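# Structure at a glance
For reference, the chains in residue letters:
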Amino acid sequence: TQKPVSLMEWCISLAKNTSTVADPFMGSGTTGVACANMGKTFYGIERERKYFEIACQRIENAYRQERLFE
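Overview of the structure. None of the values given here were measured: they were computed from a predicted structure.

## Side note on the pattern of salt bridges
- Considering all chains together, one arrives at three salt bridges under this definition.
- Linking E53 and R49 is a salt bridge whose minimum nitrogen-to-oxygen distance equals 3.2 Å. Note that E53 and R49 are positioned in helix α3 (residues 49–64) at a spacing of four residues, about one turn of the helix.
- Judged by its relative accessible area of 61%, R49 is exposed.
- Here E60 makes a salt bridge to R64, at a shortest N to O gap of 3.8 Å. Placement of both E60 and R64 in helix α3 is noted, with a separation of four residues, approximately one turn of the helix.
- When its relative accessible area of 58% is taken as the criterion, R64 is described as exposed.

And the structure:
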C-alpha cells in the first residue's frame with residue numbers, strides 16, 4: 001500500500017535507539033527514503049525488479065539531498 005514518507009518517519013521514530021531498519025517488502029522505497037531523511041541505515045528487499053529499480057533511485061536521491069534542518 002502507498003504510504004507518505006512523513007508517516008514512515010513517524011513510525012521509525014517510535015523505535016527509540018534504532019540506527020538500522022529492514023524492510024522485506026520495500027516496494028518503491030518509501031521506508032528507505034524515510035531512513036535517508038533520518039540518517040538511519042536501511043536494508044530493503046523487493047522481488048519485483050521494476051520496483052527495486054525505482055526504490056534504488058529514490059533512496060539514492062534521498063541520501064544525496066542536503067538537509068536544511070536537523
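## What about the layout of surface pockets?
- Taken as a whole, the largest pocket spans an internal volume of roughly 260 Å³.
- Taken together, 13 residues form the lining of the largest pocket, with T1, K3, M26, G27 and S28 sitting closest to its centre.
- Looking at the lining of the largest pocket, its residues break down into four nonpolar, seven polar and two charged.

Cut-offs used in this document
In every chain, residue numbers begin from 1 and rise along the written sequence. The model is predicted, so local features are restricted to residues of pLDDT at least 70 and side-chain atom pairs to those at 80 or more, both for listing and for counting; the totals for chains, interfaces and linings are taken over all residues. Only hydrogens and water are set aside; all other atoms, that is, all heavy atoms of the structure, feed into the side-chain values. The term salt bridge refers to a side-chain nitrogen of Lys or Arg lying within 4 Å of a carboxyl oxygen of Asp or Glu. Secondary structure follows DSSP: runs of H or I at least 4 residues long count as helices, runs of E at least 2 residues long count as strands, and numbering of each begins at the N terminus. For every residue, the accessible area obtained with a 1.4 Å probe (protein chains only) is divided by the maximum for its type, and the residue is called buried under 20%, exposed over 50%, and partly exposed between those limits. Residues are called lining when one of their atoms sits within 4 Å of a cavity or pocket point, these points coming from a 1 Å grid over the protein atoms alone, where a cavity is a set in which a 1.4 Å probe fits but cannot get out and a pocket is an open set with protein on both sides within 12 Å along at least five of seven lines. Grid points are joined across faces, edges and corners, and a volume is the space filled by probe spheres set on the points. Each residue is assigned to one of three groups, with Ala, Val, Leu, Ile, Met, Phe, Trp, Tyr, Cys and Pro labelled nonpolar, Asp, Glu, Lys and Arg labelled charged, and all others, Gly among them, labelled polar.

None of this, on its own, says anything about what the molecule does.
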